[in-house]
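Architecture at a glance
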Amino acid sequence: MKKFTSIKDVHNIKSLLSLAQELKESPFKYDSLGKNKTLGLLFFNPSLRTRLSSQKAAMNLGMNVVVMNLNNDGWTIEFGDGTVMNQGTQEHIKEAAGVISQYCDVIGIRTFASLTNREEDYQDSVLTKFIAHASVPVISLESATLHPLQSFADIITITENKIIEKPKVVLTWAPHPRALPQSVSNSFVEWVKETNVDLVITHPKGYELNEEFTKDVEISYDQEKAFENADFIYAKNWSCYRDYGNTLKNLDHWVVNREKMKLTNNAKFMHCLPVRRNVVATDEVLDAPSSLILEQANNRTYAAQAVLLKMLRNED
Amino acid sequence: MKKFTSIKDVHNIKSLLSLAQELKESPFKYDSLGKNKTLGLLFFNPSLRTRLSSQKAAMNLGMNVVVMNLNNDGWTIEFGDGTVMNQGTQEHIKEAAGVISQYCDVIGIRTFASLTNREEDYQDSVLTKFIAHASVPVISLESATLHPLQSFADIITITENKIIEKPKVVLTWAPHPRALPQSVSNSFVEWVKETNVDLVITHPKGYELNEEFTKDVEISYDQEKAFENADFIYAKNWSCYRDYGNTLKNLDHWVVNREKMKLTNNAKFMHCLPVRRNVVATDEVLDAPSSLILEQANNRTYAAQAVLLKMLRNED
Amino acid sequence: MKKFTSIKDVHNIKSLLSLAQELKESPFKYDSLGKNKTLGLLFFNPSLRTRLSSQKAAMNLGMNVVVMNLNNDGWTIEFGDGTVMNQGTQEHIKEAAGVISQYCDVIGIRTFASLTNREEDYQDSVLTKFIAHASVPVISLESATLHPLQSFADIITITENKIIEKPKVVLTWAPHPRALPQSVSNSFVEWVKETNVDLVITHPKGYELNEEFTKDVEISYDQEKAFENADFIYAKNWSCYRDYGNTLKNLDHWVVNREKMKLTNNAKFMHCLPVRRNVVATDEVLDAPSSLILEQANNRTYAAQAVLLKMLRNED
């Protein structure tokens, strides 16, 4: 595996899923595989789960880890080709990626959505340019439009918690005080479609996701109807794709609460965290035994560890 | 040991002290005990000794260490129960503590005093809430009102440097340009009371500490009288407990200088660092052979290592 | 080796160079030498190559690494002797250096040029004071006036890439939007003079470096003439030494471009990075096969590793 940026980079999902489950059973089984290998983690923005679970995954394999907060510990990065760099940016992505590749055996990088330039965001140009100039395998720790390690962990979590063969999974839009990227939602749809589930997406009109992801998926503007018979409720806020990066008002009633959960088939509740309590979902929902939010975070370690293992072994 | 937040969490001080001294003699004796174990260090505010000595302690035991600057590398944390999180805070302590517990085997956390809300500070609510939601052992790296690793290191230092069986130890208030917490002073009193010393506290009127800590201790408003026959002078600034968080003016003459040290029984000088030179104490005092300030910092490693060892072994 | 701050600290350059080349061949040959040893890296300002290559070098030797961003993770440091510290600085260099020495076996420190006080900068007072109060070996990760690890890596790179016995090496001043220190240039001259090369320095009038470094070196104000027959072009910006820290206007034509490179003897192009593309040198030059910029960065690891090895073995 030379890069892990979306489900398209995964040769065989079932086998990767099995590997993650094996690692969860025996986290230290391959703890000498990473000896004298270094994982570099590069962050352009805050992170808690990603930062810690990636380090944990690497250490479980016996790797060294170095962490850089770019634009903070290091230099401000230029992404434009041909730019005359006489302004604020200090180092070009060409050098940054080329140099870091020499110090690391695998690189994880967290990039970001502008939420202003849709075309550029959906080209994932920061990540794409980094990969183009890197000479070692690169893992996306969330890009402008996808969050594959989160979605992989979500699939592990659903697999572990499903009671019926083909559960009904509902991705529901939920309120949030700030405009957020579509990355988690895009990625969740992309991954969950490849597993044996009935997927329904529910959101207010205007919050339609990029059809590239949703074209074969049932979409409902009626949240309560969508919740009926659901086995898993996955809540997530995102900003508009069409009116790119904007948000619509007066939608606080889309919060996931106990009353709505009662419409489901005793559904498990999921969210990628961090979650704004009593805005996205109520305390009752988040603290209920049916809430899987901590388990999702736990599975981030084994998702990352499975990907790292494939890269260290140079397997597909 | 499930938590280390005050002397009340210590089952047997003498045995913990012996363990620290054994580790100082042979720091790497147990360097495989921590294999595949991770210490997570969480900071809400700056730290040098705590940050480095805790890492050193963990590495001496063969543990991995991950460091997070919360509110900076990660997300802004909400501590209120039932809060509708539609403002600045991004992640609730419930999730933060629950998630981090899954990636770490022991967590060290540095919290802070508001110095505005005495009741909340003295409930140590940030630390207490973190522990309530954590599922692994937690070490206080200084809380709003206590600094137990510092005090443990101070006890080690006094034990190593005392010449007579029951030395006179004087905790003296000293000037500082900013309002500081009472944590080091409270904690020092709490720990040193449990050892075989004569303890005297001296400070200007108005700087009385919480009586919960000082009720059996001799207090003097006359610094020079208190210094007479002292074997150890421990200097520290703190802000008012009664008029909570405030400071009083025109007290620069409380600086510890050579003239005052001459009143003592060749006393050793102690301070927890960082120290404002020529404000808290003069260069002459800090640079004298009787100054133990570097040795106190050195003992921070073995204090932390003893606590980590107890936690890794699941001993009291 | 007790300190590594300039070429003057190197007993035998040829042997140090051989050691670095041996380590580049077999990076993990001595991977148990650093067991239970800790490298502390202290930064006052941003860094990418230095931060990562130093960590890599230490990990290749099996050392632990702790990284501190001083003034950020820690406390604001006071460097003045006798200062009454009742203002912004929180910890004196005496305590900082003394304390950190107790937690680390080797310390790397990156200090900075004020570019306002030439005398103080050229005394390298921050580094010098740190060393004076440290009790373990100290490596300069760039000081106010020198950057020895960079220059050592540059010498390795020239040695690996020279075709003739005694190549012509040209250090050329190049434009930059900000005032930069003279450290890389001073240090390059200091190191390259000790190897078997013809060195020429070319820069606009007014950019003369400190004669302490350049006294035996040919200096030309005619960049194109200097480039004739060059085997290596080393581009670097620096601010004025005489009119200390100032910069002169209208010198954009000093950019290194393809036309100028054609005047050389198929010269290799070098720069220490980060480089402002199309300001210091054009894309064509930086991206040409003759560009050694990534290899220079790669050699930073082995330069640092050779120095660490000498220190761990307590050799000259």
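Each helix and strand in chain A was counted, giving 12 helices and 12 strands. The C-alpha atoms of chain A give 20 Å as radius of gyration, which agrees with the globular expectation for 316 residues (20 Å, within 12%). Overall, the C-alpha framework of chain A stretches about 55 × 50 × 35 Å when taken along its three principal axes. Counting over 316 residues, chain A shows a buried share of 64%. Considering only contacts within chain A whose residues lie at least 6 apart along the sequence, 78% involve residues at least 24 apart. Carbon and sulfur atoms make up 44% of the accessible area of chain A, which totals about 11700 Å². Looking at chain A, you have 35 positive and 39 negative side-chain charges, and the mean spots of the two groups are 2 Å apart.

Residue and element names in this part refer to chain B. If you walk across this open sheet you meet the five strands as E1-E7-E6-E2-E3, and the pairing is parallel. The open sheet has two edge strands, strand E1 (3-4) and strand E3 (64-69), and neither has a second partner. The pairing of strand E6 (residues 106-110) with strand E7 (residues 138-140) spans three bridges and is parallel. Bridging across to E7, Gly108 finds its partner in Ile139.

Before going further, it helps to spend a moment on the pattern of salt bridges. Applying the stated rule across the entire model yields 55 salt bridges over all chains. In this structure, the salt-bridge partner of Arg277 of chain A is Glu95 of chain B, at a minimum N-O distance of 2.6 Å. A residue pair is termed interchain when its members come from two chains, as with Arg277 of chain A in the loop between strand E12 (268-270) and helix H11 (283-287) and Glu95 of chain B in helix H3 (residues 93-103). For Arg277 of chain A, a relative accessible area of 1% puts it in the buried group. When the shortest N-O distance is used, the salt bridge between Arg110 of chain B and Glu142 of chain B registers 3.1 Å. Within this pair, whereas Arg110 of chain B is found in strand E6, its partner Glu142 of chain B is found in the loop between E7 and helix H6 (148-161), the two being separated by 32 residues in sequence. Here Arg110 of chain B falls in the buried class, since its relative accessible area comes to 7%. Several salt bridges converge on common partners, so that one network encompasses Lys94 and Glu95 of chain A together with Arg277, Asp283 and Asp287 of chain C.

Let's shift gears to helix H2 (residues 49-60) of chain B. Residues and elements named next belong to chain B. In a regular helix each residue adds 1.5 Å, so 12 residues correspond to 16 Å; H2 covers 16 Å between its end C-alpha atoms and thus fits that length. By the criterion of burial, H2 is predominantly enclosed, with 12 of the 12 residues buried. Turning to H2, its buried residues are Arg49, Thr50, Arg51, Leu52, Ser53, Ser54, Gln55, Lys56, Ala57, Ala58, Met59 and Asn60. The positive-phi residue at the C-terminal boundary of H2 is Gly62, with phi of around 80°.

Residues and elements named next belong to chain B. Across the sheet, five strands lie side by side as E10-E9-E8-E11-E12; this open sheet has parallel pairing. Edge positions in the open sheet fall to strand E10 (218-220) and strand E12 (268-270), since each of these has one partner strand only. Geometrically, the sheet is characterised by an average inter-axis angle of 20° between neighbouring strands, direction not taken into account. As paired strands, strand E11 (residues 232-236) and E12 are joined by three bridges and run parallel to one another.

All names here are of chain A. By domain assignment, chain A separates into domain 1 (3-147 + 300-312) and domain 2 (150-296). When each unit is reduced to the centre of its C-alpha atoms, the spacing between domain 1 and domain 2 is 26 Å. Opposite the 29 residues of domain 1 that make contact, domain 2 presents 32 residues. In total, domain 1 and domain 2 occlude about 2500 Å² of area from one another, counting both sides; carbon and sulfur atoms represent 62% of this. Here domain 1 and domain 2 share three salt bridges between them.

Here we take up the interface of chain A and chain B. Contacts between the two partners involve 32 residues from chain A and, on the opposite side, 29 residues from chain B. Taking both partners together, chain A and chain B bury about 2800 Å²; carbon and sulfur atoms supply 55% of that area. Along the contact surface separating chain A from chain B lie five salt bridges. Put simply, Asp105 of chain B and Lys56 of chain A hold a salt bridge, and the shortest N to O gap is 3.8 Å. Here chain A is connected to chain B by 15 residue pairs in polar contact (both at pLDDT 80 or more). Counting only elements with at least two residues in the side of chain A that touches chain B, the list comes to helix H2 (49-60), H11 and helix H12 (293-312) of chain A. Its residues assigned to classes, the side of chain A that touches chain B shows 13 nonpolar, seven polar and 12 charged.

Rules and cut-offs
- Residues numbered from 1 in each chain as written.
- Chains lettered and ligands numbered in written order.
- Predicted model: local features only at pLDDT ≥ 70, side-chain atom pairs only at ≥ 80, totals over all residues.
- Heavy atoms only, no water.
- Helix = DSSP H or I, 4+ residues; strand = E, 2+ residues; numbered from the N terminus.
- Rg over C-alpha atoms; globule rule 2.2 N^0.38 Å.
- Buried < 20%, exposed > 50% of the residue type's maximum accessible area, 1.4 Å probe, protein only.
- Contact = heavy atoms within 4.5 Å.
- Areas by Shrake-Rupley, 256 points an atom, 1.4 Å probe, with all protein chains shown as cover.
- Lys, Arg positive; Asp, Glu negative; His and termini not counted.
- Charge placed at Lys NZ, Arg CZ, Asp CG, Glu CD.
- Pairing = 2+ DSSP bridges.
- Salt bridge = Lys/Arg side-chain N within 4 Å of Asp/Glu carboxyl O.
- Expected span 1.5 Å × (residues − 1).
- Axes fitted to C-alpha atoms, helices over the stretch in contact; angles between N-to-C directions.
- Domains from an automatic or database assignment.
- Buried area = accessible area lost by both parts, 1.4 Å probe.
- Polar contact = N/O pair within 3.5 Å; in protein donor to acceptor, adjacent residues only side chain to side chain.
- Nonpolar A, V, L, I, M, F, W, Y, C, P; charged D, E, K, R; others polar.

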